[in-house]
Amino acid sequence: MTKTIVHLLSGGLDSVVMLHDLHAQGHRIYCVSFNYGQKHGARERDCAERHCARLGVKYETVRLPQLRGSSLTDGGAGVVVPNRNAIMLSLAVNVAVAAKADTITYACNADDNEHFPDCRPEFVSAMNAAVQAAGYRIEICAPYALLTKAIIAEMGRELGVDLSDTWSCYAGGERPCETCPACIKRKEALQ
Ligand SMILES: [Zn+2]
């Protein structure tokens, strides 16, 4: 069945592969990026915009106030933005109602699950319960929640996605720093 989807597209590897995957399935797609003051945001959004232009998919950036970061306590894997996915998904419900979409997709993966509870299937279920309780017929889906980044990269290659035109690095430089957690995970996934 063809769906009308609001897809959260950061411009990183996972969300870009998912965009191409959804597009190949014939769904109507409306992509949204959020600018919440992330250092690497402009680079990511440039990638996002190029992929949407190639596919002829609508794309919008929603500007948010600067969101605060906090250090991860378990394992020191970097900085997190507290409650980020709940914030973005709640805003996506607003966009989806206006766009008459029935589905919202976001590209959390199995590698994220380890550190981020808001990437786990329990969180997706709870968000869906809240959206339904609020009276909206919109389903939040995280189809890659149980897939590793390496598998997602492989799917991207099979779909013919230009994975070099995706951005993962958190550091905000001209080129990927190769040392931040996002760069390391990306490198492992692309091996
Ligand atoms: Zn980096």
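The following paragraphs examine the structure supplied in this document. (Residues numbered from 1 in each chain as written. Predicted model: local features only at pLDDT ≥ 70, side-chain atom pairs only at ≥ 80, totals over all residues. Heavy atoms only, no water.)

Let's talk about the coordination of the zinc ion
Alright, step 1. Bound to the zinc ion are the protein donor atoms Cys169 (SG), Cys177 (SG), Cys180 (SG) and Cys183 (SG), situated 2.3 Å from the metal.
Alright, step 2. One chain supplies every donor for the zinc ion, spaced along it as C-x7-C-x2-C-x2-C.
Alright, step 3. For Cys169, a relative accessible area of 1% corresponds to the buried category.
Alright, step 4. Assessed through its relative accessible area of 28%, Cys177 is described here as partly exposed. (Donors = N, O, S within 2.8 Å, 3.2 Å for Na, K, Ca; no water. Buried < 20%, exposed > 50% of the residue type's maximum accessible area, 1.4 Å probe, protein only.)

A few points about unusual backbone geometry
With the exception of glycine, most residues fall at negative phi, and the peptide bonds are largely trans.
Alright, step 1. Despite not being glycine, Asn83 has its phi angle at roughly 65°, a positive value.
Alright, step 2. Among the secondary structure elements, Asn83 is positioned in the loop between β5 (79-80) and α3 (84-98). (Helix = DSSP H or I, 4+ residues; strand = E, 2+ residues; numbered from the N terminus.)

A few points about helix α5 (residues 121-133)
Alright, step 1. Compared with an ideal rise of 1.5 Å per residue, which puts 13 residues at 18 Å, α5 spans 18 Å between its outermost C-alpha atoms and is within 8% of the ideal.
Alright, step 2. Phe123, Val124, Met127, Asn128 and Val131 are the residues of α5 that are buried. In an axial view of α5, the angular spread of the buried residues amounts to 135°, which keeps them on one side of the axis. Opposite the buried face of α5, at more than 90 degrees from it, the exposed residues are Glu122, Gln132 and Ala133.
Alright, step 3. Of the residues one or two after α5, Gly135 is the one with positive phi, at around 95°. (Expected span 1.5 Å × (residues − 1). Arc of directions from axis to C-beta.)

Taken by themselves, the reported measurements are silent on function.
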